[in-house]
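If you want the building blocks of each chain, they are given just below.
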Amino acid sequence: MSAVCHLLPSVGDGGAEGVAAMLHDLARAHGVDSVVHPRLREDLRAPWTSWVRWALRAPRDAEVVHAHLPWPDRLGAALLAARGRPMVVTFHLLPTGDWPRDRLLKLPSPRVLRAAADRPHTRWVALSQRDRADLHQCGVRAEIVRNAPPPPAANAPPVRFPDGVVRLASVGRLHPQKGFDLMLDALAPLRHLPWHWCVAGDGEHREALVAQRDRLGLGDRVTFLGRVPASSLLAAADLFLAPSRAEGMPLAPMEALEAGVPVVASDIAPHLELFADTSGSILDDDPGGWTRRLDGLITHAHERAELLAAQRVVLGGDPRERLWRDYAALYRAAQEGR
């Protein structure tokens, strides 16, 4: 394999785009030509003709196409962009309820998946056991490739916290999916403890979260930083909070662990899988029980240190090199039709 094209049929900038950028850099570091086809620069409500134009502009000189799907409704556009070439398709997030209609083909997404399941020279990738099982229900035989944390931003100055507090951190889009509203409710009864929570990210739920924060009397305890590098926040953090309601296989907890910050996470399937070999990482299934766990971690530094020591096994040796090896093998298999 000498060239790969990364497709981003999306309008935002999240985990799928981060993994594509990371693989782009890794490919070049390993002597493989790589190009990233820019994402769709329009609203998701754009007409199907916009998806056609995006697909037809995809470069044609790559031997393998890697489609990074932040949602399965972009598969039709990715198939058109590939135009018969060997292809690897990664599903970065699957719906937990009803699946949407395909943006290009206007058919139910599971129907498009079933039709494409036996496409020649195609390898399908899920990020978790649960996602692989969901894809299997659509007739797709997917392999699991665990995400890796992106490298820290160079020369990113650390975020400044107030003095004398336990520094809590989260990273993610301000959207109900990320569960930041649940964490605000869990932290509110702990106003008597010395902590401050900073959240890096922006999104459409910002005003609602700010209103909730102020209603709970946490205006001086919680800061929504907007878009800052995750590494800037993690460089100053004592504990990472991951309260998501749904994920594919989240990058932010992995970034925290690589930065030496312990993580507590909601009990969704990807978190349970990521932290399967550690104890104390998962919060109760009832958000009302989160407060008790957070109380102990904020109050006792030794509990945070013990949690981090247990979590060191999560990433393994060199997660980015492992990510490249896994995908390079899939690129070759797609080319060879295996």
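Rules behind the numbers
- Residues numbered from 1 in each chain as written.
- Predicted model: local features only at pLDDT ≥ 70, side-chain atom pairs only at ≥ 80, totals over all residues.
- Heavy atoms only, no water.
- Helix = DSSP H or I, 4+ residues; strand = E, 2+ residues; numbered from the N terminus.
- Rg over C-alpha atoms; globule rule 2.2 N^0.38 Å.
- Buried < 20%, exposed > 50% of the residue type's maximum accessible area, 1.4 Å probe, protein only.
- Contact = heavy atoms within 4.5 Å.
- Lys, Arg positive; Asp, Glu negative; His and termini not counted.
- Charge placed at Lys NZ, Arg CZ, Asp CG, Glu CD.
- Phe/Tyr/Trp six-rings, centres within 6.5 Å; stacked < 30°, edge-to-face > 60°.
- Lys NZ or Arg CZ within 6 Å of the ring centre and 35° of its normal.
- Salt bridge = Lys/Arg side-chain N within 4 Å of Asp/Glu carboxyl O.
- Pairing = 2+ DSSP bridges.
- Axes fitted to C-alpha atoms, helices over the stretch in contact; angles between N-to-C directions.
- Core = buried A, V, L, I, M, F, W, Y, C linked by side-chain atoms within 4.5 Å.

Participant: I'm lost on the overall build of the protein in this one. Help?
Facilitator: If you tally the helices and strands in the protein, you get 13 helices and 11 strands. Over its C-alpha trace the protein gives a radius of gyration of 21 Å, about what one expects of a compact globule, namely 20 Å for 338 residues. Summarising its shape, the C-alpha atoms of the protein cover approximately 60 × 40 × 35 Å along the three principal directions. Relative to its full complement of 338 residues, the protein shows a buried share of 54%. Contacts in the protein between residues at least 24 apart in sequence constitute 71% of all its contacts with a sequence separation of at least 6. Within the protein, one finds 41 positive and 40 negative side-chain charges whose respective centroids are separated by 5 Å.

Participant: I keep staring at the environment of L225 and nothing clicks. Help me out?
Facilitator: As for its placement among the helices and strands, L225 is situated in strand β9 (residues 222-226). Note: C-alpha distance between L225 and P108 (117 residues apart in sequence) is 38 Å. Beyond its immediate sequence surroundings of up to four residues, L225 is in contact with V159, C198, V199, A200 and L233.

Participant: Quick question: what am I supposed to make of the packing of aromatic side chains here?
Facilitator: What characterises a pair of aromatic rings is the spacing of the ring centres plus the angle enclosed by the ring planes. Scanning the model with the defined rule gives 4 aromatic pairs in all. Ring pairing ties together the aromatic residues W324, Y327 and Y331, which thus form one cluster. In this structure, R221 packs its charged tip against the face of W195, placed 4.5 Å from the ring centre.

Participant: Honestly, the pattern of salt bridges in this entry has me stumped. Any pointers?
Facilitator: Where charged atoms from two side chains of opposite charge come close, those side chains can pair. Tallied over the entire structure, the rule returns 14 salt bridges. Measuring nitrogen to oxygen at the nearest pair gives 2.5 Å for the salt bridge that ties D73 to R74. The salt bridge involving D202 is made with R206; its shortest N-O contact spans 3.7 Å. Overall, the relative accessible area of 29% leaves D202 in the partly exposed class. What makes R206 partly exposed here is its relative accessible area of 29%.

Participant: Just checking my understanding: could you explain the sheet that holds strand β8 (residues 195-200) for this structure?
Facilitator: Backbone hydrogen bonds hold the strands of a sheet together, and the pairing may be parallel or antiparallel. Judged by pairing direction, the sheet is parallel, and its 5 strands sit side by side in the order β9-β8-β7-β10-β11 without closing on themselves. Only two strands of the sheet have a single neighbouring strand rather than two, namely β9 and β11 (263-265). Sheet twist, expressed as the average angle between the axes of neighbouring strands with direction ignored, equals 25 degrees. Note that β8 and β9 share 4 bridges and pair parallel. The residue of β9 that forms the bridge with A200 is G226. Across the sheet, helix α6 (residues 180-187) lies against β7 (166-171), β8, β9 and β10 (239-242), angled at about 175 degrees from β8, the strand it touches most.

Participant: Help me understand helix α11 (residues 290-299) in this model?
Facilitator: Residues W290, T291, L294, G296, L297 and I298 constitute the buried set of α11. In this fold, the buried residues of α11 make contact with β7, α6, β8, β10, β11 and α12 (301-311).

Participant: Help me understand the nonpolar core, please; the structure alone is not making it clear to me.
Facilitator: Here is a general trend for soluble globular proteins: nonpolar side chains tend to be buried in one another's company. L7, L75, V89, F91, L113, W124 and L135 are the most contacted members of the largest nonpolar core, which has 33 residues in total. Mapped onto this core, the elements with two or more residues apiece are β1 (3-7), α2 (48-56), β3 (64-69), α3 (75-82), β4 (87-91), α4 (109-116) and β5 (122-126). In terms of residue count, the dominant contributor to this core is α3 (5 residues). Setting aside anything within four residues of it in sequence, one finds W124 in contact with L75, V89, F91, L113, A116, A117, V140, R141, A142 and E143. V166, L190, L294 and L307 belong to the second-largest nonpolar core, a separate cluster that totals 29 residues.

Everything listed here is a matter of geometry and, on its own, says nothing about what the molecule does.
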